[in-house]
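Structure at a glance
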Amino acid sequence: VSCRYASRMGEIVSGYEIRNDTVFYDFTVPFGTTAKLCLPLDLTDIKIDGKDISAINKADYKYLERDVYIFGSGRYRLTAAYFKREAKSIIPQ
């Protein structure tokens, strides 16, 4: 899945694919802007351009109990191990 948007600050690009329990997420942040990235809880071993995600600025707040990361302008590739969780019914039985 991928998409592009021509904003007044430049092109925003976002796309991902899942292969063999690994997520590949590529995104572009236009020059002079920042982006916030909120990741699913079921990702582990998260890397940005081959480096551990702990090197990325983390926001001082959470969104839906998830960490939020802040990226400056540039092109990025995120890779992470993906473990699909079993769906649980939310309807009382």
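What this report covers is the structure whose coordinates are included nearby. Quantities reported herein were computed from a predicted structural model and do not represent experimental measurements. (Residues numbered from 1 in each chain as written. Predicted model: local features only at pLDDT ≥ 70, side-chain atom pairs only at ≥ 80, totals over all residues. Heavy atoms only, no water.)

**A few points about the pairing of strand β4 (residues 43-48)**
Put simply, the rule reads: Strand pairing follows a simple DSSP-based rule, namely that at least 2 bridges must link the two strands. In DSSP terms, a helix is any run of H or I states spanning at least four residues, a strand is any run of E spanning at least two, and both are numbered starting from the N terminus.
Where β4 lies against strand β7 (residues 66-82), four bridges are found, and the strand directions are antiparallel. Bridge assignment links Thr-44 to a residue of β7, and that residue is Ala-81. Taken together, the two bridges between β4 and strand β5 (residues 51-52) define a ladder with antiparallel strand orientation. Within β5, the position partnered with Ile-48 by the bridge is Lys-51. Connecting the antiparallel pair β4 and β5 is a turn made up of two residues, with Asp-49 showing a positive phi of about 50 degrees.

**Brief notes about the environment of Ile-46**
Here is the rule: Throughout, a residue-residue contact means that at least one pair of heavy atoms, one from each residue, lies within 4.5 Å.
When you line up the elements, Ile-46 lands in strand β4. Sequence separation between Ile-46 and Leu-78 is 32 residues, and the spatial gap between their C-alpha atoms is 7.0 Å. When sequence neighbours within four positions are dropped, the list of residues in contact with Ile-46 reads Leu-39, Lys-51, Asp-52, Ile-53, Leu-78, Thr-79 and Ala-80.

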